[in-house]
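# Residue-level structural notes
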Amino acid sequence: MEIKVPDLGVDSAEVSEIMVKVGDVINVDDNIVLLESDKASVEVPATSAGTITAISLQIGDKVKEGDVILTIDSACNSQSNTAPIEQSAQQTDQQAAQSHEAGEIKETKDANATSSQAPSMAAPNQLQPTSASAEATYTLPDLGVDTAEISEWLVKEGDTVTAEQPLVLVESDKASVEVPAPVSGKIVKFLVNAGDTVTNGQDFIVMASQLATQQPLAIDPSEQTASQANSAANQNEPPAQTVSAPQSSTPAGKQTFGLPDLGVESAQISEWMVKVGDEVTAEQPLLLVESDKASVEVPSPVAGKVAELLVNAGDTVTNGQDFVVIEATGSVQSASSSASQPQATTNTAQQEVVKTQNTASTSTNSATTTASQSSSQSKLSEAQINAKNAAVYAGPAVRKLTRQLGVDVSEVTGTGANGRIVKEDVFAYVKNTIKAVSTPAAANNISAPSAARSGLPNLPDMSKTEVWGEIERQDLTRLQKVSIPQLNYNTYLPQVTQFDLADITDVEKLRGDLKDEMKKEGVSLTILAFIMKVTAYALMQHPKFNSHLSDDNTQIIIRKSVNLGFAVATEEGLTVPVIQRVEQKGIKQLAIEIGELAKKARDKKLSAKELTGASFTISSQGNLGGTYFTPLVNWPQVAILGVSESSIQPRWNETKGEFEPRLMLPLSLSYDHRVINGADAAVFTRYIAKLLADPRRVLL
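Residues numbered from 1 in each chain as written. Predicted model: local features only at pLDDT ≥ 70, side-chain atom pairs only at ≥ 80, totals over all residues. Heavy atoms only, no water.

### Considering the sheet that holds strand 1 (residues 2–4)
- Taken in spatial order, the four strands make up an open sheet running 1-8-6-3, and their pairing is antiparallel. Two strands bound the open sheet, and with one partner strand each, they are strand 1 and strand 3 (25–26).
- Sheet analysis places strand 1 next to strand 8 (residues 68–73), joined by three bridges and oriented antiparallel. Bridge pairing in strand 8 links Lys4 to Val68. (Pairing = 2+ DSSP bridges. Helix = DSSP H or I, 4+ residues; strand = E, 2+ residues; numbered from the N terminus.)

Next up, the structure:
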């Protein structure tokens, strides 16, 4: 089996260190190679366990996504694990035979009891699975943000869980993520607590994974007698030493897999990269999914043969939707797969899954019964509430918001894909509830569905051409549709805009001196790179502008690094890619990344990670004209800088005592007045203007 380079977020990277060698035995998530790019260093973990048979890379090699790192033989581990089992089984059988010869096994009173006199007729030991545990520490996966907060543990220490079962809810300012169990097993210890701030790759849990082993099963006396009687005719056969332990793995079968989290509510199938009957490896790209913001290659969850494609090119799909059936080549450990193996070889973890499912089913039936018995009560029990909300289509972050606001989530109408409830729906529900209390519903003349959509009344009837004239309906682009909920958040912000002018005469001269040289290197140097650099510097000096307001409005959450979003105009509308850690990068590097991300945005190739995590946004209108405008604060950020077209204006030179022409750049800073007051905004905008007039100040 081949282990390949995953998506690194860059076009290519260099092999800095190889952490393993041929012959090493590796486990899943063991680090195997260190890759470095101009942006970051990444330790690549193993996606499968086995013995390394070949390494395809050397230190200094340039690699990209999909390149083969190394080849492993996964069969070696299974053979080594099976050998002790077989040896143990043989030793047990030998002991049983010796005990029988010594007269320790009593004769039965069955009619065929005489057959028990022959040692070779002893019934072979039957086997049943038990479990041996191997403790291991597991790390958090890539959360899509630099840091996040542990919101809630969904399990407790001592619980037995299955692979992919949600363990913990992690929340950032952008999203809530349920982190699944990496393996089946027992939870030994939590390494982080609710409320802790965590980072990608941080150790978070110790688990004892379930390893299938075999032990002798006590034989019922009657069954032993029958077995001895049946073997009386075969006295010449070898004794019990011929019995070998059955294989611990179960036969492979067809499994249906759902789409992972795509970073958007819905997306379109652009292209299938495989066809029915193809053999695929784990992590091999299966299909290309496109949304208004990005294109994502969905990898194969397992190695095997493609049995059926459940969606077609052009279909619109959602997170978790079934999309492919794969006949896995390895052992099937999922509880949902068909169990065609004998009962004696059923994995202990699978028994736990069935037990858990039965318990959950019993609990659900019990909750339903309780609900029917107490329906006459005015207050619902916790079981009733859970049963009532179980069918509601809403994510963890939305459910948490409804709990904080005291809203019954089952009463909220969802406007997202497939009726999914989004935060905007909750805010609209609260707003309309307040309106209903303060104003009679009849006077408002607002229907519930329209209020849930935007909080505005329905449009008037425009069918009368003598009043409204001819009309035409035009569909919004997909990008415009997905932008509306985010734009609606702005209506909840007390936004103010501060205007100023920056003299960029000298910095524009510097740009003119450098741009030809950089153009030869394929780098387009625009004024935006300079604006980003000085803005990042200003944000580090005025961290309040690089923050978020807490949910309870009692704290501001200050970001320690500057991740700048910048608006890019595309054919379908504006999109906002994000450059990470701008304060650590130079003008040239920023110019390179601006060009790369702008091209990806126009080609709709941005990944979800390149669209999230911004702490501040810059919206530049370039040479489109105009003087000032009011950019909308992109919640949960607290400020945004708008930049208009520069123009030559007369400015008074006190030294020369005369007016002189200077290149002036209009700045428009919109901010959340809950966090930033007017005086701070004026100081901050003036500070950016000074830095643009003399960028040498950034070096001080």
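There is more to say, and it comes next.
### A word on the sheet that holds strand 19 (residues 279–280)
- Read across the open sheet, the four strands follow the order 17-24-22-19; overall the sheet is antiparallel. The sheet is open, and its two borders are formed by strand 17 (254–258) and strand 19, each paired with just one other strand.
- Bridging between strand 17 and strand 24 (residues 322–328) involves five bridges; their strand directions are antiparallel. Opposite Lys254, over in strand 24, you have Glu327 as the bridge partner.

### Description of the pattern of salt bridges
- All chains considered together, the criterion is met by 20 salt bridges.
- Note that Asp278 is salt-bridged to Lys275, the shortest N-O span being 3.4 Å.
- Under the relative-accessibility criterion, Asp278 is labelled partly exposed at 21%.
- Given the relative accessible area of 54%, Lys275 is considered exposed.
- Note that Arg662 and Glu660 form a salt bridge whose closest N and O atoms lie 3.9 Å from each other. Each of the two residues, Arg662 as well as Glu660, counts as buried.
- Through salt bridges with shared partners, one network takes in Asp503, Asp506, Lys656, Glu660 and Arg662. (Salt bridge = Lys/Arg side-chain N within 4 Å of Asp/Glu carboxyl O. Buried < 20%, exposed > 50% of the residue type's maximum accessible area, 1.4 Å probe, protein only.)

### A short note on the packing of helix 12 (residues 527–541) against helix 13 (residues 587–602)
- Interhelical geometry of helix 12 versus helix 13 gives an angle of 120° and a closest axis separation of 9 Å. Taken as axis vectors, helix 12 and helix 13 run oblique relative to one another. The interaxial crossing formed by helix 12 with helix 13 has right-handed handedness. Residues Leu528, Ala529, Phe530, Met532 and Lys533 of helix 12 lie in contact with helix 13, whose contacting residues are Ile587, Leu590, Ala591 and Ile594. (Axes fitted to C-alpha atoms, helices over the stretch in contact; angles between N-to-C directions. Parallel < 35°, antiparallel > 145°, perpendicular 65-115°, else oblique. Left-handed = near helix turned anticlockwise from the far one by under 90°. Contact = heavy atoms within 4.5 Å.)

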